[in-house]
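One letter stands for each residue in the lines below.
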Amino acid sequence: MPRVVVFDETGAPDVLHVVEEPRPEPGLGEVRIRIEAAGVNRLDQLMRTGAYPRPFRLPHARIGCEGTGTVDAVGAGVEGLANGDPVVITAVPAMDLDGTYAEYTVVPATAVVPRPAGLDAVSAAALWVAYGTAYGALVEKAGMRPGDRVLVTAASSAVGLAAIQVANQIGAVPIAVTRTTAKKDALLAAGASAVVATDQDDLHEAVGALTGGAGVDIILDSVMGPGLAQLATSARFGGTLVTVGWLDPRPATMPTTAPLTIYRYMGFEHFLDPVVVRRIAAFLAAGVRTGALRPTVDAVFTLDEVVEAHRRLDQADGFGKIVITI
Ligand SMILES: NC(=O)c1ccc[n+]([C@@H]2O[C@H](COP(=O)([O-])OP(=O)(O)OC[C@H]3O[C@@H](n4cnc5c(N)ncnc54)[C@H](OP(=O)(O)O)[C@@H]3O)[C@@H](O)[C@H]2O)c1
């Protein structure tokens, strides 16, 4: 029988285990996907640890909100998709029931897009959440334009690395922020125009030097916490701050010093909107085609190594996306 990862109680990575279950059947408007690889996300960690903000089924919760594979069965009323089509999943409405750490899942037909040509399964599993979030936050929300200077915190995260490439694809100028000088060269190689390493550099001074004292047009922040107000002083007068994560779980401080537009962005705001999903998919496909977008994979694990995959996730010091091959 097909294999799937579940957990019966919340907690440390070792609550995750593999069981066998019958293949799910697609209902009206749904497709069944034979999954080849699944992306591992912070949302999965929130769910596993019980910090997920919505109620979910326990015991026997499935997990995983991202993946790629081929269409394996098509439900009634579905048009434009056929068995064997390679696709990327854009949303899993109920992760606890249909999570992607599994051989098969069923999702609405509207929650898949064609897998961009030229991407293998591992890279495709690392694409949607990171690049969709970076694109949605920077382009759809902040209105990023060519020439904009964009400060990206947690730059070695999957979202951060995607943001660097999305900014370059638009013709903007990405400035990466990392806590670790050791990651500087890799971030420059990944496309950052400059890197600020906060274990050595003073962020505000470094950004001032890089922007002739003007500050950046946009800050894309995944950290928040008590450093948020200070971070915001690196924006230009009238600039934009988009927060997409809260890697620092302590309460955030509100920026007060200068005019600033602040957005709190969640990818799901767009991932469930078919019109924006079409724009995201077109942008990502174009970027993959030209080579501007290349997902960075931190580590690859098998389904049997799911506990190790989540231990790596908990370390929160990698470079890019963790992927599970099925
Ligand atoms: N809004 C959305 O829809 C959405 C979607 C996906 C992800 N996210 C959020 O985006 C963030 C990044 O997620 P991810 O999965 O791409 O990567 P990730 O694995 O969470 O990123 C890990 C990297 O973040 C940096 N980091 C970790 N803890 C930190 C801390 N306390 N303070 C500062 N930096 C820290 C480290 O980079 P350095 O060593 O270089 O500092 C580390 O390598 C998360 O907060 C996640 O929840 C949001």
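What comes next is a walk through the structure. Model, not experiment: these values are computed from the prediction.

Observations regarding the overall build of the chain
Part 1 of the reasoning: Each helix and strand counted, the chain has 11 helices and 16 strands in total.
Part 2 of the reasoning: Radius of gyration (C-alpha) of the chain: 20 Å, near the 20 Å computed for a compact globule of 326 residues.
Part 3 of the reasoning: Principal-axis analysis of the C-alpha atoms places the extent of the chain at approximately 60 × 40 × 30 Å.
Part 4 of the reasoning: Considering the chain as a whole, with its 326 residues, one finds that 52% of them fall into the buried category.

Overview of unusual backbone geometry
Part 1 of the reasoning: In the segment running from L58 into P59, the intervening peptide bond is cis, with an omega of -5°.
Part 2 of the reasoning: Summarising the element assignment, P59 is placed in the loop between α1 (42–49) and β4 (61–62).
Part 3 of the reasoning: Its identity as a non-glycine residue notwithstanding, A154 has a phi of 45°, on the positive side.
Part 4 of the reasoning: The residue A154 is located in the loop between β9 (149–152) and α5 (158–170) in this model.
Part 5 of the reasoning: Overall, A154 belongs to the buried group, its relative accessible area being 18%.
Part 6 of the reasoning: Non-glycine residue A316 carries a positive phi angle of around 50°.
Part 7 of the reasoning: Classification of A316 by relative accessible area gives partly exposed; the value is 36%.

Some remarks on helix α10 (residues 274–290)
Part 1 of the reasoning: The terminal C-alpha atoms of α10, which comprises 17 residues, lie 24 Å apart, in line with the 24 Å expected from a rise of 1.5 Å per residue.
Part 2 of the reasoning: Those residues of α10 that fall on the buried side of the exposure criterion are V276, V277, I280, A281, F283, L284, G287 and V288. The buried side chains of α10 occupy one side of the element, clustering within an arc of 165° when seen end-on. Turned more than 90 degrees from where α10 packs its buried face, P274, R278, R289 and T290 sit exposed.
Part 3 of the reasoning: Each element contacted by the buried residues of α10 is listed here: β8 (112–114), α4 (128–141), α5 and α9 (268–271).
Part 4 of the reasoning: Its side-chain oxygen 3.0 Å from the backbone nitrogen of V275, D273 forms the N-cap of α10.
Part 5 of the reasoning: Immediately beyond the C-terminal end of α10, within one or two residues, lies G291, with a positive phi of roughly 90°.

A look at the pairing of strand β12 (residues 216–221)
Part 1 of the reasoning: By the criterion of burial, β12 is predominantly enclosed, with 6 of the 6 residues buried.
Part 2 of the reasoning: Across 3 bridges, the pairing between β9 and β12 is parallel. Of the residues in β12, the one forming a bridge with V152 is L220.
Part 3 of the reasoning: Two strands pair when backbone bridges link them, and β12 and strand β13 (residues 235–243) are joined in this way by 5 bridges, in the parallel orientation. Within the sheet, the bridge partner assigned to D221 lies in β13 and is T243.

Topic: α1
Part 1 of the reasoning: With 6 of 8 residues buried, α1 is to be regarded as a mostly interior element.
Part 2 of the reasoning: If you check which residues of α1 are buried, you get L43, D44, Q45, L46, M47 and R48.
Part 3 of the reasoning: At the C-terminal side of α1, G50 shows a positive phi close to 90°.

Some remarks on the site of the ligand
Part 1 of the reasoning: Surveying the vicinity of the ligand reveals 24 residues, the closest of which are R42, S156, T178, K183 and G267.
Part 2 of the reasoning: At a separation of 3.5 Å, an oxygen atom of the ligand approaches a polar backbone atom of W246.
Part 3 of the reasoning: One of the backbone nitrogen or oxygen atoms of G318 is found 3.0 Å away from an oxygen atom of the ligand.
Part 4 of the reasoning: Protein contacts shield 88% of the accessible area of the ligand, which totals 920 Å² for the unbound molecule.
Part 5 of the reasoning: Where the shell around the ligand is concerned, the elements lending two or more residues are α4 and α5.
Part 6 of the reasoning: The residue makeup of the shell around the ligand, split by class, is 11 nonpolar, 9 polar and 4 charged.

What counts and how
- Residues numbered from 1 in each chain as written.
- Predicted model: local features only at pLDDT ≥ 70, side-chain atom pairs only at ≥ 80, totals over all residues.
- Heavy atoms only, no water.
- Helix = DSSP H or I, 4+ residues; strand = E, 2+ residues; numbered from the N terminus.
- Rg over C-alpha atoms; globule rule 2.2 N^0.38 Å.
- Buried < 20%, exposed > 50% of the residue type's maximum accessible area, 1.4 Å probe, protein only.
- Expected span 1.5 Å × (residues − 1).
- Arc of directions from axis to C-beta.
- Contact = heavy atoms within 4.5 Å.
- Polar contact = N/O pair within 3.5 Å; in protein donor to acceptor, adjacent residues only side chain to side chain.
- Pairing = 2+ DSSP bridges.
- Near = heavy atom within 4 Å.
- Areas by Shrake-Rupley, 256 points an atom, 1.4 Å probe, with all protein chains shown as cover.
- Nonpolar A, V, L, I, M, F, W, Y, C, P; charged D, E, K, R; others polar.

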